[in-house]
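Chain and residue survey
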Amino acid sequence: MAEAGQRLVLAFDYGTRRIGVAVGNEMLGSATALAPLPARDGIPDWQQIEALLEEWQPDLLVVGLPLNMDGTESDMSQRARKFGNRLHGRFGKPVEVFDERGSTRAAKRIARDAGHRGNYRDDGVDGIAAQLILQSFFADDTFLHRMP
């Protein structure tokens, strides 16, 4: 496993219908959106996640934590934590949750600026949101002090 600061990271924007995914390199601070994964009431196809992990061989998984604007946790925060716990339990990879406040709103703004017509239910911005979560994670200097 790579040291902190040099890891390949997969990030997830947890949702009940879709789970956004992005991959990034910690050293470069870069992140790229991948195709979102379908979910049924928040439950993904675990084989699709396993295939992603085999393809990318990440050192760390980051799950966006949807906190309320005042910093308190919501039902979705608890579901995202549970998803992160399941990722760790199934695949044994280290998992960190990371404050994702504002990522979906920012992702919609980016998509709208690129010509998105606003039907986010059918044409979501989950991958962009996961990319923003990962870029924010990389920009947060506290990650340099975390243990791998």
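In the block above lies the structure referred to throughout.
Everything in this summary refers to the structure shown in the same document. All values reported here derive from a predicted model rather than from experimental measurement.

Turning next to the pattern of salt bridges. Using the criterion set out here, one finds three salt bridges in the structure. In this structure, arginine 7 engages glutamate 26 in a salt bridge whose closest nitrogen and oxygen atoms are separated by 2.8 Å. Placement of the pair is arginine 7 in the segment before β1 (8-13) and glutamate 26 in the loop between β2 (18-25) and β3 (30-40), with a sequence separation of 19 residues. Here the two residues arginine 7 and glutamate 26 agree in accessibility, since each one is buried. We note a salt bridge from aspartate 41 to arginine 79, for which the minimum N-O separation is 3.2 Å. Of the two residues, aspartate 41 sits in the loop between β3 and β4 (43-44) while arginine 79 sits in helix α2 (residues 75-91), which places them 38 residues apart along the sequence. Accessibility expressed as a relative area gives 24% for arginine 79, which makes it partly exposed.

Below, the discussion takes up the pairing of strand β5 (residues 60-65). With six of six residues buried, β5 is to be regarded as a mostly interior element. Burial of the side chains of β5 extends over both faces: Leu60, Val62 and Gly64 are buried on one face and Leu61, Val63 and Leu65 on the other. Relative to β5, β1 is paired through four bridges, and the arrangement is parallel. Considered in β5, the bridge of phenylalanine 12 is made with valine 63. Note: β5 against strand β6 (residues 95-99), five bridges, orientation parallel. Paired with valine 63 across the two strands is valine 97, which belongs to β6.

This part covers α2. Between its first and last C-alpha atoms α2 spans 24 Å; for 17 residues at 1.5 Å apiece the expected length is 24 Å, and the two agree. Here α2 has its buried residues at Ser77, Ala80, Phe83, Gly84 and Leu87. Within α2, the buried residues cover an arc of 120° as seen down the axis, which keeps them to one side. Set apart from the buried face of α2 by more than 90 degrees, the exposed residues are Asp75, Asn85, Gly89 and Arg90. The opening residue of α2 is serine 74, an N-cap whose side-chain oxygen sits 3.3 Å from the backbone nitrogen of methionine 76. At the C-terminal side of α2, glycine 92 shows a positive phi close to 70°.

Calculation rules
- Residues numbered from 1 in each chain as written.
- Predicted model: local features only at pLDDT ≥ 70, side-chain atom pairs only at ≥ 80, totals over all residues.
- Heavy atoms only, no water.
- Salt bridge = Lys/Arg side-chain N within 4 Å of Asp/Glu carboxyl O.
- Helix = DSSP H or I, 4+ residues; strand = E, 2+ residues; numbered from the N terminus.
- Buried < 20%, exposed > 50% of the residue type's maximum accessible area, 1.4 Å probe, protein only.
- Pairing = 2+ DSSP bridges.
- Expected span 1.5 Å × (residues − 1).
- Arc of directions from axis to C-beta.
- Polar contact = N/O pair within 3.5 Å; in protein donor to acceptor, adjacent residues only side chain to side chain.

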